[in-house]
Amino acid sequence: MGQKCVHCGEDCGKYPIMYDEKPFCCHGCKTVYKILDKQNLNQYYEIEPMSGRKVEQEEVGDKYAYLDLEEIREKLLTFSDGDTSKVDLFIPSIHCASCIWLLEHLDTLNPGIIYSNVNFPRKTVSITFKNNEISLRQLVELLVSVHYIPEITLDKVDREESKKSDRDLLIKIGVAGFSLLNVMLYNFPEYLPGGDQLSESFTRMFGWLSFALSLPVVLYSANDYYLSAFKGLRHKFVNIDVPITLGIFTLFFQSTYDIFTGHGIGYFDSLVGLVFLLLIGKWYQGKTYRALSFERDYKSYFPVAVTKIVNGKEEYIPLSKLTKGEHILIRNRELIPVDSRILKGKANIDYSFVTGESIPVPKETGEMVFAGGRQVGGTIELEVLKEVEQSYLTQLWNQKSNREGSASHLKMIVNRVSEYFTVIILLIAVSAAVYWFFKNPSLATFAFTSVLIIACPCALALTVPFTFGSTMRVFGRNGFYIKNTDVIEKMHSVDTVVFDKTGTLTLNRSMHVEFVGDELTKEELSMIKTLVSNSSHPLSTTIKDFITEEAENEIEDFQEIPAMGISGKVNNVKVNIGSKKFVSGKEDTKPDSTNVYVFIGNHVKGYFKIRNQYRPGLKEVIESLKDKYKLYLLSGDNESERETLQPLFGDDTVLFFHQSPSDKMNFIEKLKADGRKVLMIGDGLNDAGALMKSDIGLTIADDIYSFSPACDGILESSRFGKLYRFIRFTGISMKIVRISFLISFLYNVIGIFFAVQGILSPLIAAVLMPVSSISVVAFATLTVNLSGRKFL
């Protein structure tokens, strides 16, 4: 092994590039170092040594010229007033403390930058700058120069994220929390022996203060429950919010009556505490993983603007204005945003973004290319066949999800129970009042109010959000992030699991390589590595990583022919590497496997057989699932892996190959039409339609903050072996919910038993009500967390 690059830590080989007596693996890394060194920003390397990313040098040129367009600039800027502007940029390469330090010292690189701040979980940097000194385009190009390349896509221009509902909920919690602390303070004497010795004037003053503080809680903090109850009743449906609303109003009016008549200070502490707990439960349930995206569509990945050819000249236009028949330029590594026809240039399309397969597909002039492909090689000119909204990929994304509007079965049960619960409690309360009215009138109101207060279904309402909310957090700590709590219940009910293959069962960046043919000497291996090191093709990279010998040879006459192979003279010996036809002039008789042939000197030495490498734990996952669930495999690849996978899945599992994205989606729809509850597990854009059509869609991600299609959950690839444990744990969560329901039911039965006898005062009932809620919440939360430690 040679020296390691000061910037990125990569091996520099035998002949490192030296600057300032320091080794670098490439000129790109050296350039970044020189920029930082010139501005005295060497502390970047002191915080975390070798913390940079390897720089793939690429001419920026006019790549970001579209940022000079006022229309796009206005949409990207979050603030602009006079000479000061602010922009938030997503930078996927943020990964350590050194990144944060450098990005928060951008003002050192350019005095036009006023301030910059990094949000590490979201991998975003917020930059305030003087637009009369540095333009948005220059700012982005500055970031690119130090290899922090912003990801500027269509959704970041069109998206209008509204955080109003989250902010409103937090304000309501704040109001309720402030009121609760103060009302409890005013009621503190009531909790202690001898509290009745407090002078009447103080008692009444504390009562009025409690009344005043409860008003914003009742009128503002709790208004969502009234609205939900009203909507339910208007549609002749009693949901869980109806008895909650009834309980809030009962506590409020009873307490208000006590204050105005001088009978006491009421139960405002229990009232405000009840609302506070309900809001905390709502927040706890709704607090998802904000840094993750579960709702991505094509806009998350498509460019903001394209280069259009008009009368032989280039001009930049927003992607939304691109129309059928126009001509566009696509450069090396740029994404094709629309279905098009090739007019000029050598097209080599990498469809890994769509299919998960990284081997580029050659296309001839006149052939059609689909949106989502990425050009590898030189610039090509295309004719637009369909606008963005009509392209095949866009239509696939825009398929309606079968899950939209579907109500949780558990929520329906809770609402149904609450419907009968409310009617029964009202009948019991009225019956108790009537009974005592004739037997002992002084206890009639006493019994009526006590029944309504103690039988409030708050414990029932809090069980689901706190149990499932705790489950979400247990999952998150173990590398499984779900969109919302409904996913838990739906995952518990699935009976069919469908897997994608590439990127889901296989490792994205690791392949199994073996050489078939004559035994290669160390010198020949070194020559092969030297040749493939000059190619950026994925197969060349795979072979390069496989060979351990050093690439220390001189190379001449290097050529790379798209879709065929590479050739050159290494140490004056002719070496060809590529397809069998390129190397030997004969067609490959093994089309169902990926073979890279090698020609050295005067004859063919053999070929590298490259196969997928499967994720660790795959066998255990399949073994644990196949006895309980019906399993299927859908793959867009050829059948070369059937012999490997069929024994793993078993003869009862059907494996489908050569599946297009629409084939996968149609298969999921057929399963659902047959009454199956389907869990689809994928990773690529080609799985988007199937993921949306399934009951539950999960994606496997090597980087949870990067690419993932619209889904219900994201599983870290390193936790793939725990998949069955996560599915099984949803059953444990459901059991905890049922036990909590039972505890709540028993509490209500016991409480009502004493309340109807008139021996339970409204004060005691008001104290017991939040105590019951807290006990159920504590039971659910603790049980879920203890179970998580044991079973995950």
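Turning our attention to the sheet that holds strand S15 (residues 380-384). Spatially, the 6 strands line up as an open sheet ordered S8-S7-S9-S15-S10-S13, and their pairing is antiparallel. The open sheet has two edge strands, strand S8 (313-318) and strand S13 (368-369), and neither has a second partner. Note: strand S10 (residues 340-344) against S15, 4 bridges, orientation antiparallel. The residue bridging serine 340 from the neighbouring strand is valine 384, located in S15.

Another aspect to go through is the confidence of the model for the chain. Averaged over every residue, the pLDDT of the chain is 81; residues scoring 70 or more account for 82%. Counted against residues more than four places away or in other chains, residues 288-292, with its pLDDT under 50, gives 18 contacts.

The next point concerns helix H20 (residues 522-532). Helical geometry: 3.6 residues make up each α-helical turn, so side chains three or four residues apart lie on a common side. Within H20, 9 of the 11 residues are buried, which leaves it mostly tucked inside the rest of the structure. Within the sequence span of H20, burial applies to Glu524, Leu525, Ser526, Met527, Ile528, Lys529, Thr530, Leu531 and Val532. On the buried face of H20, the contacting elements are helix H21 (538-546), strand S19 (555-561), strand S20 (565-570), strand S21 (573-578), strand S22 (594-600) and strand S23 (603-614).

Another point: the packing of helix H23 (residues 618-626) against helix H27 (residues 723-755). Packing of H23 against H27 leaves a shortest axis separation of 8 Å and a crossing angle of 35°. Between H23, through Val621, Ser624 and Leu625, and H27, the contact on the second element is made entirely by Leu723, Tyr724 and Ile727. Considering only residue class, the contact of H23 with H27 consists of 5 nonpolar, 1 polar and no charged.

Turning to the packing of aromatic side chains, a few remarks are in order. Tallying each qualifying case throughout the model produces 26 aromatic pairs. Aromatic side chains phenylalanine 499 and phenylalanine 649 sit 6.0 Å apart centroid to centroid with 70° between the ring planes, which places their arrangement in the edge-to-face category. One end of the pair, phenylalanine 499, is in strand S17 (residues 496-500); the other, phenylalanine 649, is in helix H24 (residues 642-649), with 150 residues separating them in the sequence. Relative accessible area serves as the criterion here: at 1%, phenylalanine 649 is assigned to the buried category.

Summed over all chains, the structure comprises 21 salt bridges. Taking the shortest distance from any N to any O, the salt bridge between aspartate 20 and lysine 22 comes out at 3.7 Å. Given a relative accessible area of 29%, lysine 22 falls into the partly exposed group. Among the ionic contacts, a cluster of salt bridges with common partners joins Asp68, Arg137 and Glu141.

Excluding glycine, most residues fall at negative phi; most peptide bonds, likewise, are trans. In the Ramachandran plot, glutamate 21 falls in the positive-phi region, its phi being about 60° despite a non-glycine side chain. Its location among the elements puts glutamate 21 in the loop between strand S1 (17-19) and strand S2 (22-24). The phi torsion at histidine 658 lies on the positive side, around 55°, for a residue other than glycine. Within the secondary structure, histidine 658 is located in the loop between strand S25 (654-656) and helix H25 (661-673).

Residues Tyr66, Leu67, Leu103 and Ile127 are the most contacted members of the largest nonpolar core, which totals 49 residues. Counting residues per element, this core draws most heavily on helix H6 (residues 136-145), which supplies 6 residues. With residues up to four places along the chain from it excluded, the contact list for leucine 67 reads Ile72, Arg73, Leu76, Leu136, Arg137, Val140 and Ile152. Membership of the second largest hydrophobic core comes to 47 residues, among which are Val474, Leu505, Phe741 and Ala780.

Moving on to the pairing of S8. Bridge count between strand S7 (residues 305-310) and S8: 6 bridges; the pairing is antiparallel. Among the inter-strand pairings, valine 310 is bridged to a residue of S8, identified as lysine 313. Linking S7 to S8, which pair antiparallel, is a turn of 2 residues; within it asparagine 311 sits at a positive phi near 55°.

How each quantity is defined
- Residues numbered from 1 in each chain as written.
- Predicted model: local features only at pLDDT ≥ 70, side-chain atom pairs only at ≥ 80, totals over all residues.
- Heavy atoms only, no water.
- Pairing = 2+ DSSP bridges.
- Helix = DSSP H or I, 4+ residues; strand = E, 2+ residues; numbered from the N terminus.
- pLDDT = per-residue confidence, 0-100.
- Contact = heavy atoms within 4.5 Å.
- Buried < 20%, exposed > 50% of the residue type's maximum accessible area, 1.4 Å probe, protein only.
- Axes fitted to C-alpha atoms, helices over the stretch in contact; angles between N-to-C directions.
- Nonpolar A, V, L, I, M, F, W, Y, C, P; charged D, E, K, R; others polar.
- Phe/Tyr/Trp six-rings, centres within 6.5 Å; stacked < 30°, edge-to-face > 60°.
- Salt bridge = Lys/Arg side-chain N within 4 Å of Asp/Glu carboxyl O.
- Core = buried A, V, L, I, M, F, W, Y, C linked by side-chain atoms within 4.5 Å.

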